[in-house]
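What the coordinates show
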Amino acid sequence: MSVEAEVTTTGVKVELPKSYEDIKDLIRIDRLPHIWCPGCGLGILLKLLARAIKNSGIPIEKHVIVTGIGCTGRLGGYLKLDAYHVTHGRAIPFAVGLKMANPELEVTVVGGDGDILAIGGNHFIHAARRNDDINVIIVNNFIYGMTGGQYSPTTPKGAKTTTSPYGHYENPFNVPLLAYAAGASYVARWTVLHQNELYQSLLEMFKVKGFAVIEVLSPCIIYTDRNAMGDAVDLMKILRERPVIDHNANLADLEIDFSMKKIILGNFVKRERPISYR
C-alpha cells in the first residue's frame, strides 16, 4: 500500500511506502526517484533525518539544511525545507553564517567524508574550536563516491582506490577523536543499518547547544575496495556484524580498519562549552 502517488518531473509515477506516512509532507516526491545507487545508505539517512526533524519539537520552518558537493550533497534537495547546496568544502562556513545571521534557526550540515574533512577540513576543526552552534552529519563511505573513487581522509590504510591502485599508504582520520579534540560539544558514530540508534542520536543532536557531530558509516557499493571488503553485500555485512556499541570507549581506540574484527559505535561525547555567539 502506498501513501501517495504522483507523476514526478521526470515523468515517473512514484509511490511512497506506507512507512513514510508520517513524513510524506517533508519529502519532495516530485523529485523522485533519487539519484543514489541501490544499496547506498543515503536513502535511509534521508528518511531518518526527515523523521527526526519532524519529531524534534523545533518548528519545521526553523530547520535549515546545508549540503556541499558529491552524492551526499544531493540530500537537501529531497526535503521540503529551506536547503542550500553550496560549493565544495564550504558547507560549514555557510551554515555558520546562517546561524550568526539568525540564531533562532536550527542549521544542519550534511556532507561526505571528503567534502567535510578534506577540502572542508579547516572549516570543520575551527567551527568545532569555536563551538559554533550548528549540527554536522558526516556521511563516511570511506571514498570519493561521485567523482571517481579516489581515496579520502577516511579511507582505510591499504585500500585500493583509483588514486591508490597499489594500496593506500596514509593513515585515516579517527573522526570522533578529531571532533572531540577540536572542541565539539556532541560526538557520535552510527551506521545507516543501526536505524533506531541513529534516529535517537539525530534527535539528541537537535537538543545540543554547540557544535554537534554525528559520523554516519554508509556503504558505497560502486567504489569500495573489493579486495579488502568483498562485494557490496559483504560491505553491508561488515557494517551490520562487526560494530560494537560502547558509549564509554576510549576515543583513541575508534580507528576503523576493515581488517579488524570490530567497529566501535556509540554516543561518545556530550559536554557543555561556551559557544562563539548567542
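The text that follows walks through the structure, step by step, so that each part is easy to find. (Residues numbered from 1 in each chain as written. Predicted model: local features only at pLDDT ≥ 70, side-chain atom pairs only at ≥ 80, totals over all residues. Heavy atoms only, no water.)

**Focus on the environment of alanine 188**
Which entries qualify depends on this criterion: By definition, any uninterrupted DSSP run of H or I lasting at least four residues is a helix, any uninterrupted run of E lasting at least two residues is a strand, and each is numbered from the N terminus. Only protein chains enter the accessibility calculation, which uses a 1.4 Å probe. A residue is then buried if its area is under 20% of the maximum for its type, exposed if over 50%, and partly exposed in between. Only heavy atoms enter the contact rule, under which two residues are in contact if any of them lie within 4.5 Å.
Residue position: alanine 188 is located in strand E7 (residues 186-191). Assessed through its relative accessible area of 1%, alanine 188 is described here as buried. Those residues in contact with alanine 188 that sit more than four places away from it in its chain are Ser201, Val213, Ile214, Glu215, Gly266, Asn267 and Phe268.

**Some words on the packing of aromatic side chains**
As a reminder of what qualifies: By convention, a stacked pair of Phe, Tyr or Trp rings (six-membered ring in the case of Trp) has centres within 6.5 Å and planes under 30 degrees apart, an edge-to-face pair has planes over 60 apart, and any other such pair is tilted.
Per the counting criterion, the structure on display carries three aromatic pairs. Ring plane angle 45° and centroid distance 5.2 Å describe the contact between tyrosine 84 and phenylalanine 94, whose orientation is recorded as tilted. One end of the pair, tyrosine 84, is in strand E4 (residues 82-85); the other, phenylalanine 94, is in helix H2 (residues 91-101), with ten residues separating them in the sequence. The partly exposed category is assigned to tyrosine 84, whose relative accessible area is 34%. Phenylalanine 94 gets classed as partly exposed once you look at its relative accessible area, which sits at 33%. Ring geometry for phenylalanine 124 and phenylalanine 211: centres 5.7 Å apart, planes at 65°, overall edge-to-face. Taken together, the residues span a long stretch of sequence, with phenylalanine 124 in helix H4 (residues 121-130) and phenylalanine 211 in the loop between helix H6 (195-207) and strand E8 (212-217) at a distance of 87 residues. Here phenylalanine 124 falls in the buried class, since its relative accessible area comes to 0%.

**Overview of the packing of helix H1 (residues 42-54) against H6**
If you want to describe how two helices pack, look at the angle between their axes and the distance between the axes. Defined as follows: As a rule, the C-alpha atoms of each element are fitted with a line to give its axis, helices using only the stretch in contact, and angles between N-to-C directions run from 0 to 180 degrees. Roughly parallel means an angle under 35 degrees; roughly antiparallel, over 145; roughly perpendicular, 65 to 115; everything else is oblique. Crossing handedness follows the turn of the near helix against the far one: under a right angle anticlockwise gives a left-handed crossing, and clockwise gives a right-handed one.
Interaxial distance between H1 and H6 falls to 9 Å at its minimum, and their mutual angle equals 45°. With respect to their mutual orientation, H1 and H6 come out oblique. As H1 runs across H6, the sense of the crossing is right-handed. Of the residues in H6, those touching H1 at Ile44, Leu45, Lys47, Leu48, Leu49, Arg51, Ala52 and Ile53 are Gln195, Leu198, Tyr199, Leu202, Leu203 and Phe206.

**Focus: the sheet that holds E4**
What counts here: Whether two strands pair comes down to DSSP finding at least two bridges between them.
Taken in spatial order, the eight strands make up an open sheet running E4-E3-E5-E6-E8-E7-E10-E9, and their pairing is mixed. Across the chains shown, the open sheet's two edge strands, defined by having one partner strand only, are E4 and strand E9 (243-245). The mean inter-strand angle of the sheet, taken between neighbouring strand axes irrespective of direction, is 20°. Against the sheet, H1 contacts strand E3 (63-67), strand E5 (106-112) and strand E6 (135-140), and its axis sits at roughly 160° relative to E6. The sheet contacts of helix H5 (residues 175-182) involve E6, E7, E8 and strand E10 (263-270), and relative to E7 the element is tilted by about 170°.

**A short note on the environment of valine 107**
Secondary-structure assignment places valine 107 in strand E5. In this structure, the C-alpha to C-alpha distance between valine 107 and isoleucine 134, residues 27 residues apart in sequence, is 5.4 Å. Apart from the residues within four sequence positions on either side, valine 107 is in contact with Val64, Val66, Ala95, Leu98, Lys99, Ile134 and Asn135.

**Here we look at the side chain of arginine 189**
Note the following rule: Two N or O atoms form a polar contact when they lie within 3.5 Å of each other; inside protein one atom must be a possible hydrogen donor and the other a possible acceptor, and for residues adjacent in sequence the pair counts only when both atoms belong to side chains.
As for its placement among the helices and strands, arginine 189 is situated in strand E7. The exposure class of arginine 189 is buried, given its relative accessible area of 1%. A polar contact of 2.8 Å, which involves the side chain of arginine 189, links it to the backbone oxygen of leucine 254. Among the polar contacts made by the side chain of arginine 189, one reaches the main-chain carbonyl oxygen of isoleucine 264 at a distance of 2.9 Å. Excluding anything up to four places from it in sequence, arginine 189 contacts Asn174, Pro176, Glu215, Leu217, Leu254, Ile256, Ile263, Ile264, Leu265, Gly266 and Phe268.

**Looking at H5**
Applicable threshold: This arc describes the spread of directions from the helix axis toward the C-beta atoms.
The set of residues buried in H5 consists of Val175, Pro176, Leu178, Ala179 and Ala182. Projected onto a plane normal to the axis of H5, the buried residues spread over an arc of 165° and lie on a single side. Looking at the buried side of H5, the elements it contacts are helix H3 (113-119), H4, E6, E7, E8 and E10. Regarding H5, its N-cap is asparagine 174, as a side-chain oxygen of that residue lies 3.2 Å from the backbone nitrogen of leucine 177 further along. Phi for glycine 183, located one or two positions after H5, is positive at around 125°.

**Topic: the nonpolar core**
It is characteristic of soluble globular proteins that their nonpolar side chains tend to be buried jointly. Where we set the bar: Residues belong to a common nonpolar core when they are buried Ala, Val, Leu, Ile, Met, Phe, Trp, Tyr or Cys residues joined through side-chain atoms within 4.5 Å.
In terms of nonpolar packing, the biggest core is built from 50 residues, with Leu49, Leu79, Ile137 and Leu202 touching the most fellow members. Among the secondary structure elements, those contributing two or more residues to this core are strand E2 (13-17), H1, E6, E7, H6, E8, helix H8 (232-241) and E10. Of all the elements, H1 adds the most residues to this core, at eight residues. Every residue in contact with leucine 49, bar those within four places of it in the chain, is listed here: Ile65, Leu75, Leu79, Val110, Ile137, Leu202 and Phe206. In terms of nonpolar packing, the next biggest core, distinct from the first, is built from 33 residues, Val107, Leu117, Leu178 and Ala182 among them.

**Notes on the pattern of salt bridges**
We apply this condition: When a carboxyl oxygen of Asp or Glu lies within 4 Å of a side-chain nitrogen of Lys or Arg, that pair is called a salt bridge.
Tallied over the full model, the rule gives eight salt bridges. Note that glutamate 104 is salt-bridged to lysine 62, the shortest N-O span being 3.0 Å. Within this pair, whereas glutamate 104 is found in the loop between H2 and E5, its partner lysine 62 is found in the loop between H1 and E3, the two being separated by 42 residues in sequence. Glutamate 104 sits in the exposed class, given a relative accessible area of 56%. Of the charged contacts, one joins glutamate 204 and lysine 270 as a salt bridge, the two residues approaching to 2.1 Å between their closest N and O atoms. Taken together, the residues span a long stretch of sequence, with glutamate 204 in helix H6 and lysine 270 in strand E10 at a distance of 66 residues. Overall, glutamate 204 belongs to the partly exposed group, its relative accessible area being 21%. For lysine 270, a relative accessible area of 59% puts it in the exposed group.

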